[in-house]
Every structure is written in structure tokens, then in C-alpha cells.
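Observations on the three-dimensional arrangement
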Amino acid sequence: MLKNLINLLFPNLCNGCNALLLENEVLICAKCRHELPLTQLHLDPNNYMAKKFYGILPIEFCSAMLYFHQDGRVQNLIHQLKYKNKPEIGSLLGNWYANDLQKIAAIQNFSEIIPVPLHKKRVKERGYNQVTSFCEALSQQLQIELNDQLLFRTTYSKTQTKKNKEARARIQEVPFEAVFTSSDHGKHFLLVDDVITTGATIEACAKALLKIPNAKISIITIAYTDS
């Protein structure tokens, strides 16, 4: 009776569509799991996400798990992960995507997983970095070391979500810095973020990491959008 009362007062809802979860469903309902827009970009080395960086960055591998659409399931998932303190969503997606990535040869080349960092003030405000749990799941499943102490955000700014490419380009100060030693030379870093839009944040992070002698960069994000 107590369990039924708790479920009535605090219903367990799907983080993708807000439908009531069935007893055997966790975080995402079966319908959302079936209908989430998987990109399959990891199967195409020359995919259009990789082409976004042609002539800008020497990217070895580039992929995203999901397509991001406004007012869609993926946007809901990212919102819950990013603003509602639900890192378990990142863990679920990371474990899911790791199963797909295990099937490709590229993962054998990655030395370390590097989450795109938040400024320490942002971490204090939010309490966590929304991409960490996704990275932790990838690290565990793919047996690749997670390093969240190499790359740092040096500037604090308001959220970049609604800024267009031209507006971001006007930001002159490089917002990231890699603090490295000779032991980091020659490593292949897998840079991971939640959503890629213009690619400005990923570009800034990658350029900081590429200051490390003989470093290589690959990119994975939870979601991809052209908007």
C-alpha cells in the first residue's frame, strides 16, 4: 500500500516522453527506446559530422549517438541530464552507445577519454558536469581511461545554447587550456560532449589539446544537431 501511495504521489515518468513507466522500465519507456533517433555515424568514417571540421581540425574519428530535434525526446533527455540532476541518464546512454562502439576498430586507438569541462563556477552552480556519467560508462565498457584533469575551462560565461555561429566567433579569448606533462605526448584523446551544434566548443577544446606534442583528437557526443 505504501509503495502504491508513493507511486501515486511521485509517479515514475519516462525522461523522454513523460509517459508513466511500467514496472520493468527504467528511465526511458520501451516506446522511446525503440524510437530514439540513432545516427549510426560511427559506421561511416567520412560522415557529415566529421566533415564539419574539414580544414579546421585534424580529426581522426567523429560520431554522435543521437539526433537532436527541438521539442523531441532527445531534447527532453538532455534537459533532464543537464539541469535536473539525473546523471543516471548519461550512464544509460553511455552503456548503450558503448555496445555499438565496441564493434568498430577505431576504439582500439584511443588513449584517454576527455570530457568537455565546465568552468569551476558552473560546476559549483550545477553541482556536476552533465557529460561525466556518459564518459564514465564509456570508460568502463570500452576499457579506456577517463581523464578529467587534463583540460580546463578558463573563462566563465553565460550559456552558449542560443548563440549562433557568428556570435560565438566574436568571442576572442580561448576558453580552454590543457595542463599537460611529457607523459601526455603522443596520446590519442577522445573528446566527449553532450550536444554539438556549431562545433565552436569542441573546436576550442581540440585546439587546446592539440598543443600537446604529437596529440591526436577524436570526438564523440551524445547528440548532434544542425541547428
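Figured I'd write up the structure that's included with this text. Quick caveat, the model's predicted, so the values are computed rather than measured. (Residues numbered from 1 in each chain as written. Predicted model: local features only at pLDDT ≥ 70, side-chain atom pairs only at ≥ 80, totals over all residues. Heavy atoms only, no water.)

A word on the pattern of salt bridges
On inspection of all chains with the given rule, the structure shows eight salt bridges. When the shortest N-O distance is used, the salt bridge between Asp100 and Lys103 registers 3.9 Å. Owing to a relative accessible area of 68%, Lys103 belongs among the exposed residues under this scheme. Between Lys207 and Glu203 there is a salt bridge whose closest N-O contact spans 2.8 Å. With Lys207 and Glu203 both in helix 9 (residues 200-209) and four residues apart, the pair spans about one turn of that helix. Residue Lys207 is classed as partly exposed on the basis of its relative accessible area, which comes to 43%. You can call Glu203 partly exposed: its relative accessible area is 23%. (Salt bridge = Lys/Arg side-chain N within 4 Å of Asp/Glu carboxyl O. Buried < 20%, exposed > 50% of the residue type's maximum accessible area, 1.4 Å probe, protein only. Helix = DSSP H or I, 4+ residues; strand = E, 2+ residues; numbered from the N terminus.)

Re the nonpolar core
Counting 37 residues, the largest nonpolar core has Leu101, Phe134 and Val192 as its most contacted members. Those elements that place two or more of their residues in this core are strand 1 (59-67), helix 4 (73-83), helix 5 (87-101), helix 7 (132-142), strand 6 (188-196) and strand 7 (216-224). Sort the elements by how many residues they give to this core and helix 5 lands first, with six residues. By size, the runner-up hydrophobic cluster in this structure holds 27 residues, among which are Ala50, Ala178, Ile202 and Ile212. (Core = buried A, V, L, I, M, F, W, Y, C linked by side-chain atoms within 4.5 Å.)

A short note on the packing of aromatic side chains
Scanning all chains against the criterion turns up two aromatic pairs. Where Tyr48 meets Tyr224, the ring centres are 5.7 Å apart and the plane angle is 55°; that geometry is what we call tilted. With Tyr48 in helix 3 (residues 48-51) and Tyr224 in strand 7, this residue pair connects regions lying 176 residues apart in the sequence. Taking relative accessible area as the criterion, Tyr48 reaches 40% and is therefore assigned partly exposed. In this structure Tyr224 comes out as buried when scored by relative accessible area, which is 4%. Considering the side-chain rings of Phe61 and Phe110, the 6.0 Å spacing of their centres and the 50° angle between planes classify their relative orientation as tilted. Here Phe110 lies in the loop between helix 5 and strand 2 (112-115) and Phe61 lies in strand 1, a separation of 49 residues in the sequence. (Phe/Tyr/Trp six-rings, centres within 6.5 Å; stacked < 30°, edge-to-face > 60°.)

Section: unusual backbone geometry
Of note in this structure, Asn85 is not a glycine but carries a positive phi near 55°. Tracing the sequence through the fold places Asn85 in the loop between helix 4 and helix 5. The backbone of Gln143 sits at a positive phi, close to 60°, despite the residue not being glycine. With respect to the helices and strands, the residue Gln143 is situated in the loop between helix 7 and strand 3 (145-146).

Concerning the sheet that holds strand 2
Here we have five strands laid out as an open sheet, ordered 1-7-6-2-3, and parallel in their pairing. Since the sheet does not close on itself, it has two edges, and those belong to strand 1 and strand 3, each with one partner. Two strands pair when backbone bridges link them, and strand 2 and strand 3 are joined in this way by two bridges, in the parallel orientation. Residue pairing in the sheet places Glu112 in a bridge with Glu145 of strand 3. Sheet strands touched by helix 5: strand 1 and strand 7. Its angle to strand 1, the strand with the most contacts, is close to 130°. (Pairing = 2+ DSSP bridges. Contact = heavy atoms within 4.5 Å. Axes fitted to C-alpha atoms, helices over the stretch in contact; angles between N-to-C directions.)

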